[in-house]
Amino acid sequence: MRRTKRRSLHWLDYLIAAVVVAFIAVIWLRISGTLNYKWQWERIPNYILRWDEADGRWVANLLLQGLITTIRIAIYSGILALILGTLLGIARTSTNLVIRMLARTYLEVLRNIPPVVVVFIFFFFLSQQLIAVLNMETWARGIARQDDIAVWEFFFGDMRRFPSLISGVIVLALFESAFVGEIVRAGIQSIPRGQREAARSIGMSWTDEMRFIVMPQALRKVLPPLSNQFISLVKDSSIISLISVQELTYKTVELVASTRMIFEAWIATACLYFILCFGLSLLFRRLETGGKHKPR
Amino acid sequence: MTAAPPIIELCHVDKYFGPFQALTDINFAVRQGERVVVCGPSGSGKSTMIRCINRLEEHDAGTITVDGILLGDDTKDIRAVRQDVGMVFQQFNLFPHLTVLENLTIGPIRVRKMDKAAAEALGRKYLDRVHIPEQADKFPSQLSGGQQQRVAIARSLCMEPKIMLFDEPTSALDPEMISEVLEAMVELANSGMTMVCVTHEMGFARRVADKMVFMEAGRIVETAPPGEFFTAPKSDRARMFLDQILEH
Ligand SMILES: Nc1ncnc2c1ncn2[C@@H]1O[C@H](COP(=O)(O)OP(=O)(O)OP(=O)(O)O)[C@@H](O)[C@H]1O
Ligand SMILES: [Mg+2]
């Protein structure tokens with residue numbers, strides 16, 4: 001039996017609301033009573049958008065810069081994690097034992113080590129080495145010195161910080177790929193055996209079978225968990241502030257250090273993360289219900 | 001007897017699932033253009049045997065030769081065989097994310113490397129052949145079971161195979177849809193296709209079969225022309241089986 005959700009409020013709902021408000025008020029009074037803290041909310045908007053007198057235009061300040069970097073990182077590492085995770089998911093369902101074991105090991109290692117530790121290890125052992133090998137520092141500085149770098153800056157922000165951004169993207173993507181891999185594996189395994197047999201029986205190669213029959217169906221099925229994972233990725237991206245990637249959390253730490261507005265800055269940042277993640281989840285929900293009209 | 005070598009030949013084939021022996025010493029040959037109907041009780045290994053022919057199952061002993069190619073571990077050989085051998089499944093196994101026409105053209109386009117226009121022309125030709133040209137742009141889930149199975153037959157035919165395998169193509173269908181699928185199969189038989197059908201549709205077997213194969217517990221118990229098989233089966237097991245299914 002399905003119960004429909006009530007839309008109107010009951011007296012009990014008012015009671016619950018009153019208790020919650022009272023609780024918050026008590027906490028609030030205690031903080032303001034004991035802390036002797038001078039709230040400076042009026043200064044926060046300035047750290048999002050700042051009026052540049054010299055240029056005569058609005059420019060992004062610390063918090064918005066951080067937010068934009070967070071969005072960039074989320075997009076790039078989301079794409080990278082999807083690619084790696086898809087490969088990992090396929091490897092997990094491989095008939096080859098060695099491939100399967102390697103994928104399993106990768107997954108279990110990542111699942112059983114705290115994310116912060118994973119981030120440091122990946123950072124020092126992988127992305128640092130990779131950046132050194134590719135000579136990325138010099139390359140990025142070269143680009144930064146060029147005149148026409150608007151396109152580069154649009155995609156990657158300050159080019160002098162490019163290597164750091166890329167490390168962040170790689171670290172985060174490697175970390176998330178393990179979870180994406182599990183989601184993809186579940187998707188692949190949910191495709192009935194008959195689908196693959198039918199593909200094989202018309203002579204399709206393994207690659208074509210995966211590419212045209214299995215993956216399109218599997219990815220469509222796992223779209224909801226994949227979008228949830230993407231939202232997790234946005235939240236997890238705050239961890240890479242530890243390796244000095246200048247995303248929202250890092251910028252907030254900076255802001256707090258220079259202005260001492262501990263509460264305002266962190267609450268503002270929390271709101272920014274919330275808006276971003278909640279917005280994404282509303283968007284994904286809408287896309288999902290919108291896509292329901294197509295036949296399976 | 002003509003001397004043409006058989007297009008399918010199984011010699012002393014054994015097949016195990018773990019410790020369980022699903023096929024024991026299967027010897028079986030099909031000549032070009034021959035229509036063979038395989039029957040037998042549930043679990044007797046009928047599916048396993050015909051799935052070995054296009055190597056959806058790997059046999060463990062003996063040899064299987066299809067159109068001159070010896071089935072082994074060579075993936076090229078296996079794919080070559082599969083292009084020549086169409087298969088129709090009990091559960092249709094149409095690709096649900098593709099339209100009917102795309103279901104038909106994906107093989108020709110991806111495997112035979114045909115261009116899209118030619119593949120679509122081919123697809124429409126075979127949809128016509130199974131009498132559902134108007135369903136080309138629907139998705140499989142929008143069709144009835146009988147229509148889906150006919151699409152599955154057309155999908156196999158689009159690869160222009162030399163041999164068609166059918167694994168109980170009508171057992172998942174509602175009774176009123178069985179005849180439309182059987183009709184498509186009879187027409188195919190009349191066009192001279194080499195066919196191996198696992199089915200319990202004895203009316204169909206009487207009409208088209210050149211040879212009946214009766215299986216029991218992983219062995220071929222009896223092979224006979226349909227006239228002989230239906231009127232005077234040699235083995236008791238076959239007689240009992242026939243009594244059972246012809247009662248209905
Ligand atoms: N993948 C498998 N793993 C283990 N045992 C299997 C597998 N496939 C089939 N078998 C077993 O092999 C035997 C033969 O199966 P098969 O499907 O070939 O029978 P069948 O004659 O087609 O029966 P039905 O009329 O029910 O389709 C059965 O006992 C079955 O349990
Ligand atoms: Mg069967």
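Residues numbered from 1 in each chain as written. Chains lettered and ligands numbered in written order. Predicted model: local features only at pLDDT ≥ 70, side-chain atom pairs only at ≥ 80, totals over all residues. Heavy atoms only, no water.

**A short note on the nonpolar core**
As a rule of thumb, nonpolar side chains are buried together in soluble globular proteins.
For step 1, the next point in the chain: With 50 residues, the main nonpolar core has Ile153 and Met195 of chain B as its most contacted residues.
For step 2, the next point in the chain: In contact with Met195 of chain B, not counting residues within four places along its chain, are Glu34, Arg35, Val36, Met164, Phe166, Met185, Leu188, Ala189 and Phe204 of chain B.
For step 3, the next point in the chain: Ile213 of chain A together with Ile26, Phe28 and Val111 of chain B belong to the second-largest nonpolar core, a separate cluster that totals 39 residues. (Core = buried A, V, L, I, M, F, W, Y, C linked by side-chain atoms within 4.5 Å. Buried < 20%, exposed > 50% of the residue type's maximum accessible area, 1.4 Å probe, protein only. Contact = heavy atoms within 4.5 Å.)

**Focus: the UniProt feature "domain: ABC transmembrane type-1" (unreviewed entry) in chain A**
For step 1, the next point in the chain: Mapped onto the present numbering, the UniProt feature "domain: ABC transmembrane type-1" (unreviewed entry) falls on residues 67-284 of chain A.
For step 2, the next point in the chain: The span residues 67-284 of chain A carries 82% helix and 0% strand; its end-to-end C-alpha distance comes to 20 Å. (UniProt positions renumbered as here; feature names shortened; annotations may be inferred. Helix = DSSP H or I, 4+ residues; strand = E, 2+ residues; numbered from the N terminus.)

**Some words on the site of ligand 1**
Residue and element names in this part refer to chain B.
For step 1, the next point in the chain: In the region of ligand 1, the neighbouring residues are Phe17, Phe20, Ala22, Pro41, Ser42, Gly43, Ser44, Gly45, Lys46, Ser47, Thr48 and Glu168.
For step 2, the next point in the chain: In the model, an oxygen atom of ligand 1 is placed 3.0 Å from a nitrogen or oxygen of the Gly45 main chain.
For step 3, the next point in the chain: Between Thr48 and ligand 1, the recorded distance is 2.4 Å, taken from a side-chain N or O atom to an oxygen atom.
For step 4, the next point in the chain: Coverage of ligand 1 by the protein amounts to 61% of the 630 Å² it exposes when considered alone.
For step 5, the next point in the chain: Counting only elements with at least two residues in the shell around ligand 1, the list comes to strand S2 (20-30) and helix H1 (46-53).
For step 6, the next point in the chain: In terms of residue count, the dominant contributor to the shell around ligand 1 is H1 (3 residues).
For step 7, the next point in the chain: Taken together, the residues that form the shell around ligand 1 break down as 4 nonpolar, 6 polar and 2 charged. (Near = heavy atom within 4 Å. Polar contact = N/O pair within 3.5 Å; in protein donor to acceptor, adjacent residues only side chain to side chain. Areas by Shrake-Rupley, 256 points an atom, 1.4 Å probe, with all protein chains shown as cover. Nonpolar A, V, L, I, M, F, W, Y, C, P; charged D, E, K, R; others polar.)

**Here's the deal with the sheet that holds strand S5 (residues 69-70) of chain B**
The strands making up a sheet associate through backbone hydrogen bonding, with each pair oriented either parallel or antiparallel.
Residue and element names in this part refer to chain B.
For step 1, the next point in the chain: One open sheet holds the 4 strands; their spatial order is S2-S1-S4-S5, and the pairing between them is antiparallel. Among the strands making up the open sheet, the edge pair consists of S2 and S5.
For step 2, the next point in the chain: Relative to S5, strand S4 (residues 61-66) runs antiparallel, the two being bridged by 2 bridges. Opposite Val66, over in S5, you have Ile69 as the bridge partner.
For step 3, the next point in the chain: Seen against the sheet, H1 touches strand S1 (8-17), S2 and S4 and runs at an angle of roughly 60° to S2. (Pairing = 2+ DSSP bridges. Axes fitted to C-alpha atoms, helices over the stretch in contact; angles between N-to-C directions.)

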